[in-house]
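Okay, here's what each chain looks like letter by letter:
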Amino acid sequence: MEYYAHIREDGEKQMVLEHLTNVSDMAGAFSKEMFREICRAAGRYHDIGKYAPAFQQRLMTGKPKFEHSACGAIALDQMSKNKMEECVAWMLEYCIAGHHTGLPDGGTKSGRGYPYDGTALYHRLGRAPDYTGERDFSAYQKDVPLAIPDAAAMMQELLRAKDQTEMLERYAFFTRYVFSCLTDADFLDTEQFCNPQKQRGLSADFAEVLKALNQKLSGFRAETSLQKARQRLQQQAFQNAAQSDAPISILNMPTGSGKTLCSLKIALQKVLNNTGKKRIIYVIPYTSIIEQTAEQFEQEFGQYADILQHHSNYVYDTDPEEQADDTVSAAQRRKSATENWDAPFLVTTSVQFFQSLYHYKGTGLRKLHNMADAVIVFDEVHLLPVELIQPCLRGIGYLIRYLNSEAIFLSATMPDYTELFQRYLPGIPVCPLITDRTDFAAFQKCRFHFLGMTDYDNVLEKASAYPSSLIIVNQRKSAREVFAQVSGEEISPFHGHDTSRPFSCDWGDPGRPEKGCPHHGGFYLSGGSRGRP
């Protein structure tokens, strides 16, 4: 009997053994050396349940339902001969049982098989007695010999953990990584068979990007004291980065000093210095900053690199009737790359990034293995949520320690993370790229004075001493109250959610609809006049 994994719409069939071999090879190719044999084993065993006659019947007729994903886990269960093999077997069982629905909870031994339709790993393993008759998948044995792979290097790394909590966190990360390699390989091989016309693949010539960036940086003038300070700070960062081999760099530079382009040059040099790096990932907290950064990169370097944006504000869908074929193809390749981040130059959100580190679904974790061999730039790193700082830093540490990645932390107001780095990134060197902050003074354009408890009369009196003032309040009611005390020819209200533009509303002077609207959260006062209520 022949056993098939997939049937294409044109009737072409893919053998189960072919699919298992392809996925095993691909998952192994995705993996770092420490996890390679485990990833290959996960690919080799993940679909052995398709050898069951019940699955073959479902493939041909579409019914009845058959849970094939648990079969590999069931076959591996009870195979281990010692604690080391048991540890590896459990990792494989989690990944194989969840390769369609996501990494399952473990459950408890007492709950093995109960409830019957439970989704925890123990529930699925407990249904082993049901795989008889038409559900018997043992025919895999003639094609796929089962064995627990050697994982001595991984086990040694687990045993180096300082305590049980650290060991479990490492084990969880390793499991998610193997799961990432498996699910992406499974998806891609299935796609290549069922949809061979699907286009994938983005490219970047980092040498040309660096050349264009250097030309842009050299074109900046250094005439004023501010421009000279900016140039000195950038040169300081470049020199310190060139002299450091620390996998974590901190680029703490004032707003307006050119952090973004400075960080890009450092990242490009790291990729081009033969350190095995393959990609650059920018992680940014706000979509507004992402769009601004990506637009700048696209305009300056888009001809040399396919820049992938992955965030909620960017859509790659195009209308084939309205776009040229090459435009549609490029959009489709970019859209496909958002599934697994198989891209050399990526700009994404903090949420997308950390979900792809800690999610349980294949749709999220498929990206994890492509965070390897990367220079990852974390913009506005001080905005990492305080309550999540531990898993965020630990996750970054695992990418550095085990997947050959490096991190650059960007901030204009970098907190002192020294203690946190020592606690959550132990043993990983950190290099501050700006050690001389003398030039920071040139960028201090604002002075802050705390008035203490005061009233609107005092605020307006102080505002009247200046040619123009911007008064910001936190409620529309307060805006109306302050506005009632102000009159003048130049009063412009601003939107409470978007202060970059005045309101257009029908209140007030029909000839100047933006003048004097008291219904919104702020206004610009020119002339410093105060007057009648």
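Here the structure is a predicted model, which is why all the values come from computation and not from measurement.

> Quick one: what's the story with the state of the cysteines, residue by residue and with numbers?
When the sulfur atoms of two cysteines share a covalent bond, that bond is a disulfide. Using the criterion set out here, one finds zero disulfides in the structure. Note on Cys 95: no disulfide assigned, nearest cysteine sulfur contributed by Cys 39 at a separation of 7.9 Å. With a relative accessible area of 0%, Cys 95 lands in the buried category. Distance from the sulfur of Cys 181, which forms no disulfide, to the nearest cysteine sulfur (Cys 39) is 3.9 Å. Classification of Cys 181 by relative accessible area gives buried; the value is 0%.

> Requested: an account of the pattern of salt bridges, with residues and values cited.
Under the counting rule described, the total for this entry stands at 27 salt bridges. In this structure, Lys 32 engages Asp 373 in a salt bridge whose closest nitrogen and oxygen atoms are separated by 2.8 Å. Of this pair, Lys 32 sits in the loop between helix 1 (16–30) and helix 2 (36–45) while Asp 373 sits in the loop between helix 15 (362–365) and strand 7 (374–378), and the two are 341 residues apart along the sequence. Judged by its relative accessible area of 7%, Asp 373 is buried. Several salt bridges converge on common partners, so that one network encompasses Glu 157, Arg 160, Glu 166, Glu 169, Arg 170 and Arg 394.

> Help me get a handle on the sheet that holds strand 7, residues and values and all.
Taken in spatial order, the seven strands make up an open sheet running 5-6-4-7-8-3-9, and their pairing is parallel. Edge positions in the open sheet fall to strand 5 (307–310) and strand 9 (430–432), since each of these has one partner strand only. Adjacent strand axes in the sheet meet at a mean angle of 20° when their direction is disregarded. The sheet contact formed by strand 3 (residues 248–252) and strand 9 spans three bridges and is parallel. Directly across from Ser 249, in strand 9, lies its bridge partner Cys 431. Here helix 12 (residues 287–301) sits on the sheet and contacts strand 4 (279–284), strand 5 and strand 6 (345–349); the angle it forms with strand 6, its principal contact strand, is near 165°.

> Could you give an account of the side chain of Ser 336, with specific residues and numbers?
The topology assignment puts Ser 336 in helix 13 (residues 325–340). In contact with Ser 336, other than residues within four places in its own chain, are Lys 198, Gln 199 and Arg 200.

> Kindly report on unusual backbone geometry, identifying the contributing residues and their values.
A positive phi angle is found at Trp 341, which is not glycine, with a value near 60°. By the element assignment, Trp 341 lies in the loop between helix 13 and strand 6. Positive phi, close to 60°, is recorded for Asn 404, a residue that is not glycine. Examined against the element boundaries, Asn 404 turns out to sit in the loop between helix 16 (389–403) and strand 8 (406–411).

> I'd like a description of the nonpolar core, backed by residues and values.
Counting 98 residues, the largest nonpolar core has Phe 137, Met 154, Phe 173, Phe 353, Phe 378, Leu 399 and Phe 409 as the members making the most contacts within it. The element contributing the most residues to this core is helix 8 (residues 164–194), with 10 residues. Membership of the second largest hydrophobic core comes to 42 residues, among which are Phe 238, Ile 266, Ile 290 and Cys 431.

Conventions used here
Residues numbered from 1 in each chain as written. Predicted model: local features only at pLDDT ≥ 70, side-chain atom pairs only at ≥ 80, totals over all residues. Heavy atoms only, no water. Disulfide = S-S within 2.5 Å. Buried < 20%, exposed > 50% of the residue type's maximum accessible area, 1.4 Å probe, protein only. Salt bridge = Lys/Arg side-chain N within 4 Å of Asp/Glu carboxyl O. Helix = DSSP H or I, 4+ residues; strand = E, 2+ residues; numbered from the N terminus. Pairing = 2+ DSSP bridges. Axes fitted to C-alpha atoms, helices over the stretch in contact; angles between N-to-C directions. Contact = heavy atoms within 4.5 Å. Core = buried A, V, L, I, M, F, W, Y, C linked by side-chain atoms within 4.5 Å.

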